[in-house]
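The chain contents come next:
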Amino acid sequence: MTDECYKAKQWLRRAHKFALRVEADARMLEVLANRIGAGVAKYETDGAKVDREDARKRKEDDLLSYSEQRARVEKEQIQLITEMTKTRRAIKEIGDPVLESIAINRYINRLGWDDVIKLSHYSRAQVFRYHLKILEEMAKILQSKKII
């Protein structure tokens, strides 16, 4: 693999770790939503004093945390979509449907190599030969656009 191919590979994978963080933040948003929705009214009491003011403050804190997390997730999702759109446009310039499909499955859909191989119906060795062609083509495309 040449330096240009390596740079192309790094460019294609640039959003992968960011996507993992977006997914983790979205899961945290679900946790906060569940925490907010978990409140159940108490119709009976065991005689212990219920501090309604503390409960209200906790609920407000949870709502505020949810709101902040939701804004963060939405902003991150927009950034991720923007980067994936750039990647998709660059992949589309390859021009070969087989190479494009392998590149999309790997770099847009973020599938592992075993899944890419199953979906492509080619041997493992052939998929990796195609991958090298993808990287060579992407290096040319990215150099022509002065991205790398």
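Our subject in this report is the structure included herewith. (Residues numbered from 1 in each chain as written. Predicted model: local features only at pLDDT ≥ 70, side-chain atom pairs only at ≥ 80, totals over all residues. Heavy atoms only, no water.)

### Re the packing of aromatic side chains
The description of an aromatic ring pair uses the distance of the two centres, along with the angle that the planes make with each other. Considering all chains together, one arrives at 2 aromatic pairs under this definition. Ring centres 4.8 Å apart and planes at 55 degrees place the aromatic pair W113 and F128 in the tilted group. Separated by 15 residues along the polypeptide, W113 in helix α5 (residues 113-120) and F128 in helix α6 (residues 124-144) bring together distant segments of the chain. By relative accessible area, F128 is classed as partly exposed at 31%. The ring of W11 carries the charged tip of R14 above its face, separated from the ring centre by 3.9 Å. (Phe/Tyr/Trp six-rings, centres within 6.5 Å; stacked < 30°, edge-to-face > 60°. Helix = DSSP H or I, 4+ residues; strand = E, 2+ residues; numbered from the N terminus. Buried < 20%, exposed > 50% of the residue type's maximum accessible area, 1.4 Å probe, protein only. Lys NZ or Arg CZ within 6 Å of the ring centre and 35° of its normal.)

### Topic: the environment of R89
By the element assignment, R89 lies in helix α3 (residues 52-92). Residue R89 is classed as exposed on the basis of its relative accessible area, which comes to 59%. Measuring from C-alpha to C-alpha, the distance between R89 and H131 comes to 17 Å, with 42 residues separating the pair along the chain.

### Overview of a nonpolar patch on the surface
On the surface, a nonpolar cluster with roughly 330 Å² of combined accessible area is contributed by M1, Y6 and L132. With respect to the helices and strands, the residue Y6 is situated in helix α1 (residues 3-12). Using a relative accessible area of 46% as the deciding quantity, one classes Y6 as partly exposed. (Patch = residues over 30% accessible without salt bridge, like charges linked within 9 Å, V, L, I, M, F, W, Y side chains within 5 Å. Areas by Shrake-Rupley, 256 points an atom, 1.4 Å probe, with all protein chains shown as cover. Salt bridge = Lys/Arg side-chain N within 4 Å of Asp/Glu carboxyl O.)

### Observations regarding unusual backbone geometry
A positive phi is found at R110, a non-glycine position, where the angle reads about 55 degrees. Along the chain, the position of R110 falls in the loop between α4 (97-108) and α5. For R110, a relative accessible area of 26% corresponds to the partly exposed category.

### Considering empty space enclosed by the protein
A complete count under the given rule lists 1 cavity of 30 Å³ or more for this structure. Considering only enclosed or pocket space, the largest cavity measures out at about 60 Å³ in volume. Together, L12, R13, A15, H16, M84, R106, Y107 and R110 line the largest cavity. (1 Å grid on protein atoms, 1.4 Å probe; cavity = no way out; pocket = protein on both sides within 12 Å on 5 of 7 lines; lining within 4 Å. Points joined across faces, edges and corners; volume = space filled by probe spheres on them.)

Take it as geometry only, folks, not as evidence of what the structure does.
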